[in-house]
Structures are given as structure tokens and as C-alpha cells.
Amino acid sequence: MIGELYADALAGTPVEIEYVDGSRAVLEAARWTRPIDGDETMLRRCAGPTLDIGSGPGRLTVALNRRGVPALGIDITPHAVRLTRAAGGFALLRSVFDEVPGSGRWGTALLADGNIGIGGHPGALLRRVRELVRPGGEVVAEVEGPGVASRVDRVRLRRAGTVGDWFAWAVVSADDIARVARPAGFAVADRWQEGRRWFAVLS
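Residues numbered from 1 in each chain as written. Predicted model: local features only at pLDDT ≥ 70, side-chain atom pairs only at ≥ 80, totals over all residues. Heavy atoms only, no water.

A. Looking closely at the sheet that holds strand E5 (residues 91-93). What the 7 strands build is an open sheet, ordered E5-E4-E3-E6-E7-E12-E11; its pairing is mixed. Edge positions in the open sheet fall to E5 and strand E11 (188-194), since each of these has one partner strand only. Within the sheet, the average angular offset between the axes of one strand and its neighbour, ignoring direction, is 20°. Alignment of strand E3 (residues 50-53) against strand E4 (residues 71-75), held across 4 bridges, turns out to be parallel. What sits directly across from isoleucine 53, in E4, is isoleucine 74. Each of E3, E4, strand E6 (106-111) and strand E12 (197-202) touches helix H3 (residues 59-66); the most contacted strand, E4, lies at about 165° to it. Helix H5 (residues 122-132) contacts E3, E6, strand E7 (133-143) and E12 of the sheet and is inclined by roughly 140° relative to E7. (Pairing = 2+ DSSP bridges. Helix = DSSP H or I, 4+ residues; strand = E, 2+ residues; numbered from the N terminus. Axes fitted to C-alpha atoms, helices over the stretch in contact; angles between N-to-C directions. Contact = heavy atoms within 4.5 Å.)

B. Geometry of the side chain of glutamate 138. Mapping glutamate 138 onto the fold places it in strand E7. The charged side chain of glutamate 138 is buried without a salt bridge, its nearest counter-charge being arginine 45 at 4.3 Å. Residue contacts for glutamate 138: discarding those within four places in its chain leaves Arg45, Gly107, Thr108, Ala109, Val133, Val201, Leu202 and Ser203. (Buried < 20%, exposed > 50% of the residue type's maximum accessible area, 1.4 Å probe, protein only. Lys, Arg positive; Asp, Glu negative; His and termini not counted. Salt bridge = Lys/Arg side-chain N within 4 Å of Asp/Glu carboxyl O.)

C. View of the nonpolar core. Core analysis: the biggest nonpolar cluster contains 29 residues, and Ile53, Leu126, Val139 and Phe186 have the highest contact counts within it. Broken down by secondary-structure element, the contributors of at least two residues to this core are E3, E4, E6, H5, E7, helix H6 (177-181) and E12. Excluding its chain neighbours within four sequence positions, the residues that come into contact with leucine 126 are Leu111, Ile116, Val139, Val180, Ala181, Ala184, Phe186 and Leu202. (Core = buried A, V, L, I, M, F, W, Y, C linked by side-chain atoms within 4.5 Å.)

D. Region of the structure containing the pairing of strand E1 (residues 16-19). Alignment of E1 against strand E2 (residues 24-26), held across 3 bridges, turns out to be antiparallel. Of the residues in E2, the one forming a bridge with glutamate 16 is valine 26. Hairpin remark: E1 followed by E2, antiparallel, with 4 residues in the connecting loop; positive phi at glycine 22, about 95°. With 4 bridges joining them, E1 and strand E8 (residues 151-159) adopt antiparallel strand pairing.

Next comes the structure, spelled out in C-alpha cells:
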């Protein structure tokens, strides 16, 4: 059900994120189908083969492929994978915690659009990513701005009378990324702002 609701959101159907306290926010997934201000700074940091984790409709995977950078998107939503392939990118229907091709050989792992929150446990996610990147490999991650509280939310997707299952999603601020990354063996090599977006490179 989560995948179906996410696919609807990608198609422009109004879908909301509902929090356990009853508050809601619009899931603006359709914007991930086209370039967003700040994408270029992430793409320039992708050195060598890049694994786009939670690639969604694949705008970044496709952009890297067009630049001649080997890139693979992985996502758990079939419709998102189909969109990536239709746009000319390479993508697999896969969780980052499942077997991933090229494990231990990726030059860069990309966690855009808040995907450092996947699974609700950023530390566990980064430990998994450490297994996927090669020695000296980097993580390019989008984070929240300084002053935002890092947290784990319980959320579900909602469209009209249809609701998905509850799942955990984490938020990590630029203030906390070094602390979160350290146990996974990463240090913050760079941190910057582009418009309203914040990013960090972990190496």
C-alpha cells in the first residue's frame, strides 16, 4: 500500500504524510521527477561509480548516466524503478539492506531528498552504506538545516480514505550529522547550503 500511495503521489495525485500526533503535510513527490535547485552541487560530488539509494523516479541517476558517470538507482517502489528506466537510467527494485550489486566497490553513495532517514535509523543505514562503498568512498547526503531537531517520526501515507501502514522515518540536521556518522566510520569532509537545502559529504 505504501508503494501504491507513493506511486500516486509521483503521478501528481494529492497524497499526505500523516504523523502520529494527527498532523499532516503534503507529500510533494512529483517535484522529484524534475531537476531541483541544489542538485548540481550533489552531482558534482559524485566521483566514480555512484549508488543512488532511494532513487525514486531517478532524476539524479539519469543525470549521472548522461554525464558518463556509472550510476545505479535502487528503490523499493516498482513504479519509481519503471520511471527511472523509462528515462534512460539504470535502476533495480531493491532495498539498501538487501543484496546490492557491486557491494564494497561503489565510489559514492547518494542519499538525496532526505533519504538519510530511510528505515528510521540513520546510524544503521550508514553502517550498511559503509559496507557498500569502497575504501575511501564517500557519501553525499542531504540533511536538514542547522537548528532543526534530529528525530525519528512515525508516519504513514494517506490519500482520501486510503491509508498506508505506519513506518519510521528519521530527520538528521546538519548540526548532528558528524555525531550520527562517526560510529559508522565516517567523518564530515564537507558541509554546505544551496538555497534552502543543506548537504554533507561523509568520507
